[in-house]
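# Breakdown of the fold
Given next are the chains, with one letter for each unit.
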Amino acid sequence: MIKIVSKSEDKNSKDPMSATRFRDWRRAMGLKQKDAADLLGLKKRMIQYYEKGARDGKSVTIPKSVRLACYALKTGVGDYDGEHSSKLDLTGLTEDE
């Protein structure tokens, strides 16, 4: 069995990436919600739910796949084919909202 150990400062958190951290990630990347959605392969509405932390009054957890994709984009990985990665190119994206 593989055990994943978090380096998170808040060791009691059930959600490793809070709505606030997600929004902060997007803003630090200089992305509009639409740009973040395009890069993550999501609809803009999902970005809004993740940033609000809720959908229709119910709590929304940011999936691990999205959290890992955020990390990849933050480190400059634009795509990965299973063997090679390509650099992230943010030229042509609009400035932060």
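Further up the page is the structure itself.
We now turn to the structure provided with this report. (Residues numbered from 1 in each chain as written. Predicted model: local features only at pLDDT ≥ 70, side-chain atom pairs only at ≥ 80, totals over all residues. Heavy atoms only, no water.)

### Things to note about the nonpolar core
Grouped together as the largest cluster of nonpolar side chains are 17 residues, with contacts concentrated most on Phe-22, Trp-25, Leu-40, Val-66 and Cys-70. Only helix 1 (19-28), helix 2 (33-40), helix 3 (44-52) and helix 4 (64-74) provide two or more residues apiece to this core. Setting aside residues up to four positions removed in sequence, Val-66 forms contacts with Phe-22, Leu-40, Leu-42 and Tyr-50. (Core = buried A, V, L, I, M, F, W, Y, C linked by side-chain atoms within 4.5 Å. Buried < 20%, exposed > 50% of the residue type's maximum accessible area, 1.4 Å probe, protein only. Helix = DSSP H or I, 4+ residues; strand = E, 2+ residues; numbered from the N terminus. Contact = heavy atoms within 4.5 Å.)

### Thoughts on the packing of aromatic side chains
Inspection of every chain in the model, using the stated rule, returns two aromatic pairs. Ring plane angle 35° and centroid distance 5.6 Å describe the contact between Phe-22 and Trp-25, whose orientation is recorded as tilted. Note that Phe-22 and Trp-25 are positioned in helix 1 at a spacing of three residues, about one turn of the helix. Relative accessible area serves as the criterion here: at 0%, Phe-22 is assigned to the buried category. (Phe/Tyr/Trp six-rings, centres within 6.5 Å; stacked < 30°, edge-to-face > 60°.)

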